[in-house]
Amino acid sequence: MPSPWRRRTFLHAAGGGALALGLNGALAHPSAAAEVPASDAEFDLLRAKWRDLILGTGFSPTAEPYRTILTTLGTTAAGFAATMAPASGSLWPGRSWTDPEPDLDAESYAFSATMNDSYNRLRTMAEAYSQPGTGLTGDPGLRDAILTGLDHLRAEVYNENTTRYGNWYNWQIGAPQALMDTCVLMYEHLSAERIAGYCRAVDAFVPDSVFDSYTGTSTGANRVDLCRGVILRGIVGKDAGKIARASQALAPVFPYVTSGDGFYDDGSFVQHRNVPYIGGYGAVLHDGVGRLLALLRGSSWEVTGAGTQVFLDTIEKAVAPFIYNGLMMDNVSSRGISRIGTNEHQRAHGLMATILLLGQGASPEENARWRAMVKGWLQRDYHYPALKNPGLSLIRASLLQALQDDTSVKAAPEPVEHRLFHNMARATHRRRDWAASVSMASNRIAHYEFGNGEHARGYHTGAGWLSWWGSDFGLEQYSDAYWPTVDPYRLPGITASRKPLADGEGGNWGQPMPDAAWVGGTSDGEYAAVGQHLKGISSTMVARKSWFFLDDSVVCLGAGISAADGHAVETTVDNRALGATGAPVLTVDGKAQSLAQGWTGTFEDAEWAHIAGQAGYVFPGGARLHAVREERTGSWRDINSGGSPDPITRRYLTLFADHGVDPTDGDYAYVLLPGASARATAQRACDRRWLRILANSAGQQGVRVPKLGLTAVNFWSAGTVDRLRASAPASVLVREHRNGTATIVVSDPARQATSLDVVWNRRVSKVLSKPATVTAATTVGSSLKLTFGDLTGQAGAPQKITVRLG
């Protein structure tokens, strides 16, 4: 069925005239100011500002990319106008909103979505009427069609006498936003009677009570969307009270949360209770807040208060770590990855423009950093550059084009950093020439989200999915019909049972979570130890998985892999998408393998493998490796009820370990080398001194990399590994530096340690710094003992200690 997210695609960032709209200086969150009187002139000014925020300003309609965007808009609107045929229960043939059995089931969702979609089509027509260069600018026939459509919807379905059915979103967010945007664009053609009727309908479906508590469907991005609809209703209907109520209701969006929906202090963003959603609802929230701040600045309802700096901080803390070379990583977009017509690059384009908009209200230093960051993404996206996106709005295009043309801005390179998001079970690892991210599930974060018929086969996206990209290769990995064609049981990096799962396993909006607490890790900001106590969805399969993120590689360990479902369990080393015709050479231990589609191979004691133009894989101690080349056919309808049923075929090259049927204490070990050549991979496999695997069991997993001075251990249970000992489950990373100091980072990913002792058997002369959670730091002989107090309240956050070696 049509999805709420697609109904959001009309959202735009503000355009080139944003500075003139008052976006100067520091932003802030709403005050609790009482309702203030307003003149007609102020309402008229706000309406004009919103019109500019919809349409954009300061661009030439005959210049590219605007000419193409405007032409496309005109063609789309003309098609809508030509086929519009008002009838009982519909505005377009075959698109009925009349629900014969109105309730909250999937069928009713589809009917309510059709009503919402009808408003969005009228909004598109109104934009084509108002924009220059569409071929329909000021067209009387189009004008009359828009007014006819608005009246028909008002009379038949969206009015104060209708009982809501289907998806709440369509009635409270989708339709009100599209209706009020259309009213702004067509205002001079609307009678007072029409406006009053439209406003009564919005009041009926979006009463002030939606803001009474910050719970349920009135949190995070949904709260911002609700505020937007009511603020615009107040402007169109000249109701100061509505604007005051909704602007004040933005306040709960800004502070960090410690549970539920919203932004966390580690940069995590959660929506729908337990789903990481920076690339979906988080993007909507940023876009909505940015435009509402621009709209209200300088008005009687200006958003004030120091807390909005917290919101601005999320650009670098939450958003930027998940954008790499112009793409938004799929593991924070949930259901959005199952939607036809969008991909990880397109999801990034809107956010990039939103960052530029918000930057105009940030400090000069922040704005400069953000512009350099976005320019780098613009320049490095070779696969789907933002300004080649035909679906980009004029406002977004104008912001991005202006930045690209600004020779005073030098593109910033990708950062070298590791970011651990312990509150949403994600981690990102950034290098200059590659990036990776791991996606996990826990007793706090869902395996995946299925709802509205979307994301039907995403059930293993939280099973340790390790996605990665190179600077000049791999940016198309997830962008070329990957999700409808990939084997959902063989996502890169996951360990999963082959037990067949139903589409939407866990139920509509079930958002199933495993009963697994130890999920997270520790990082010094450059390297990291990340781990997942994995429990399979609707399966008895369990495993301990660890990733050690290094300078040029990721060491991947698995242990304790067991199941009793009567099905095989596999760990997918990698599953590279090859497009429709790709056939890169696979080399295993120096021998090139067959390029034939349908080929399979098993290598009993493989030491290394290499996929040309992609990556190298090293198997310390040897491994039984399986490989397969295959063409897979699927459709977007397979994973999203609103998708096309047309078949799509794509090629894949998969490397995996088969742990057998109902394994007991299975394991694996491999090293991922993104971008490495075959020669470099072979050399790494021969270098026995580069890596020491210290432990790989259900009790502990750890590595030492002497060249980096790094030792890292995930303690699933208390124990001793090499020079490290932990008295309780913990994640420990030690970096010895050339200047005679060392950094020790410790965390309690399970959030269960009421006390913890960590001993490092290394001579330490002085403790230079330690957090308050360290109640004692004792150096005795050739060892250091760190005693931690209750860590359960730290939410798994890393605790950093620095010492001088003696």
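So, how was this worked out
Residues numbered from 1 in each chain as written. Predicted model: local features only at pLDDT ≥ 70, side-chain atom pairs only at ≥ 80, totals over all residues. Heavy atoms only, no water. Helix = DSSP H or I, 4+ residues; strand = E, 2+ residues; numbered from the N terminus. Buried < 20%, exposed > 50% of the residue type's maximum accessible area, 1.4 Å probe, protein only. Salt bridge = Lys/Arg side-chain N within 4 Å of Asp/Glu carboxyl O. Pairing = 2+ DSSP bridges. 1 Å grid on protein atoms, 1.4 Å probe; cavity = no way out; pocket = protein on both sides within 12 Å on 5 of 7 lines; lining within 4 Å. Points joined across faces, edges and corners; volume = space filled by probe spheres on them. Nonpolar A, V, L, I, M, F, W, Y, C, P; charged D, E, K, R; others polar. Axes fitted to C-alpha atoms, helices over the stretch in contact; angles between N-to-C directions. Left-handed = near helix turned anticlockwise from the far one by under 90°. Contact = heavy atoms within 4.5 Å. Polar contact = N/O pair within 3.5 Å; in protein donor to acceptor, adjacent residues only side chain to side chain. pLDDT = per-residue confidence, 0-100. Parallel < 35°, antiparallel > 145°, perpendicular 65-115°, else oblique. Core = buried A, V, L, I, M, F, W, Y, C linked by side-chain atoms within 4.5 Å.

A short note on unusual backbone geometry
Step number 1: A cis amide bond links Glu 64 to the next residue, Pro 65, at an omega of 5 degrees.
Step number 2: When you line up the elements, Pro 65 lands in the loop between helix H2 (40–55) and helix H3 (66–83).
Step number 3: Here the phi dihedral of Ser 538 falls at roughly 50 degrees; this positive angle occurs in a residue that is not glycine.
Step number 4: In this structure, Ser 538 sits in the loop between strand E14 (528–535) and strand E15 (542–549).
Step number 5: For Ser 538, a relative accessible area of 34% translates into the label partly exposed.
Step number 6: Positioned with a positive phi, Asp 722 is a non-glycine residue whose angle comes to about 55 degrees.
Step number 7: Within the fold, Asp 722 resides in the loop between strand E27 (719–721) and strand E28 (724–726).
Step number 8: The class for Asp 722 is partly exposed, based on a relative accessible area of 37%.

Overview of the pattern of salt bridges
Opposite charge on two side chains lets them pair, provided their charged atoms get close.
Step number 1: A complete count under the given rule lists 43 salt bridges for this structure.
Step number 2: A salt bridge links Arg 228 to Asp 181; its shortest N-O distance comes to 2.5 Å. Of the two residues, Arg 228 is situated in helix H8 (residues 220–236) and Asp 181 in helix H6 (residues 168–185); the sequence distance between them amounts to 47 residues. Across this residue pair, the class does not change: Arg 228 and Asp 181 are buried.
Step number 3: With a closest N to O distance of 3.7 Å, Arg 498 and Glu 570 form a salt bridge. Remark: Glu 570 occurs in strand E17 (residues 568–577) and Arg 498 occurs in the loop between strand E12 (495–497) and strand E13 (519–523); sequence separation between them is 72 residues.
Step number 4: On the accessibility criterion, Arg 498 (27% relative accessible area) is partly exposed.

Structural notes on the sheet that holds strand E5 (residues 275–276)
Step number 1: Within the open sheet, the 3 strands sit side by side as E3-E4-E5. Their pairing is antiparallel. The open sheet has two edge strands with one neighbour each: strand E3 (262–263) and E5.
Step number 2: Of the strand pairs in this sheet, strand E4 (residues 269–271) and E5 are connected by 2 bridges, and their pairing is antiparallel. When the bridges of E5 are listed, Gln 271 appears paired with Val 275.

Some details on the pairing of strand E35 (residues 799–805)
Step number 1: Most of E35 sits inside the fold, with 5 of its 7 residues counted as buried.
Step number 2: The pairing of strand E30 (residues 741–747) with E35 spans 6 bridges and is antiparallel. The residue bridging Val 745 from the neighbouring strand is Lys 800, located in E35.
Step number 3: Here 4 bridges tie strand E32 (residues 764–769) to E35, and the two strands are oriented antiparallel to one another. Note that in E35 the partner of Val 764 across the bridge is Leu 805.

Notes on empty space enclosed by the protein
Step number 1: Per the counting criterion, the structure on display carries 5 cavities of 30 Å³ or more.
Step number 2: For the largest cavity, the lining is made up of 18 residues, of which Asn 331, Ser 334, Arg 426, His 455 and Thr 461 are closest to its centre.
Step number 3: Class assignment for the residues of the lining of the largest cavity results in 7 nonpolar, 8 polar and 3 charged.

Re the packing of helix H11 (residues 308–319) against helix H12 (residues 344–359)
Step number 1: Where H11 meets H12, the axes come as close as 11 Å, and the angle between the chain directions of the two elements is 145 degrees. With respect to the hand of their crossing, H11 and H12 are arranged in left-handed fashion. Contact with H11, carried on its side by Phe 311, Leu 312, Ile 315 and Val 319, involves Leu 351, Ile 355 and Leu 358 of H12 and no other residues of that element.
Step number 2: Considering only residue class, the contact of H11 with H12 consists of 7 nonpolar, no polar and no charged.

Here we look at the side chain of His 626
Step number 1: Along the chain, the position of His 626 falls in strand E21 (residues 615–634).
Step number 2: Polar contacts involving the side chain of His 626 include one to the side chain of Arg 624, which spans 3.1 Å.

Some thoughts on the confidence of the model for the protein chain
Step number 1: Model confidence for the protein chain is summarised by a mean pLDDT of 93, while 95% of its residues fall at 70 or above.
Step number 2: Here residues 1–35 is modelled with pLDDT under 50, and outside its nearest four sequence neighbours on either side it reaches 134 contacts, counting other chains as well.

Here we look at the packing of H8 against helix H10 (residues 281–296)
Step number 1: Packing of H8 against H10 brings their axes to within 8 Å, and their N-to-C directions diverge by 30 degrees. The pairing of H8 with H10 is recorded here as roughly parallel in orientation. Between H8 and H10 lies a crossing of left-handed hand. Contacts between H8 and H10 involve Gly 220, Ala 221, Asn 222, Val 224, Asp 225, Cys 227, Arg 228, Ile 231, Leu 232 and Ile 235 from the first element and Tyr 281, Val 284, Leu 285, Gly 288, Val 289, Arg 291, Leu 292, Leu 295 and Leu 296 from the second.
Step number 2: By residue class, the composition of the contact of H8 with H10 is 13 nonpolar, 3 polar and 3 charged.

Details of the environment of Pro 798
Step number 1: By the secondary structure assignment, Pro 798 is in the loop between strand E34 (783–788) and E35.
Step number 2: By relative accessible area, which is 29% here, Pro 798 ends up partly exposed.
Step number 3: Distance in space between the C-alpha atoms of Pro 798 and Ser 747 is 4.5 Å, their sequence separation being 51 residues.
Step number 4: If we ignore the near neighbours within four places in the chain, the residues touching Pro 798 are Leu 420, His 422, Gly 521, Thr 522, Ser 523, Val 745, Val 746 and Ser 747.

Topic: the nonpolar core
Soluble globular proteins: nonpolar side chains tend toward being buried together.
Step number 1: By size, the foremost hydrophobic cluster in this structure holds 197 residues, and its most contacted members are Met 125, Tyr 158, Leu 295, Leu 400 and Tyr 617.
Step number 2: Of all the elements, H6 adds the most residues to this core, at 11 residues.
Step number 3: Among residues more than four places away in sequence, those in contact with Met 125 are Ala 77, Phe 80, Ala 81, Met 84, Trp 92, Leu 142, Ala 145 and Ile 146.
Step number 4: One finds Leu 694, Leu 756, Leu 786 and Ile 801 within the second-largest nonpolar core, a separate group that totals 26 residues.

A look at the environment of Leu 586
Step number 1: With respect to the secondary-structure elements, Leu 586 resides in strand E18 (residues 586–588).
Step number 2: In this structure the C-alpha to C-alpha distance between Leu 586 and Gly 616, which are 30 residues apart in sequence, comes to 9.8 Å.
Step number 3: Here Leu 586 is in contact with Lys 591, Ala 592, Gln 593, Trp 599, Ala 609, His 610, Ile 611, Ala 627, Arg 629, Leu 653 and Leu 655, once residues within four sequence places are set aside.

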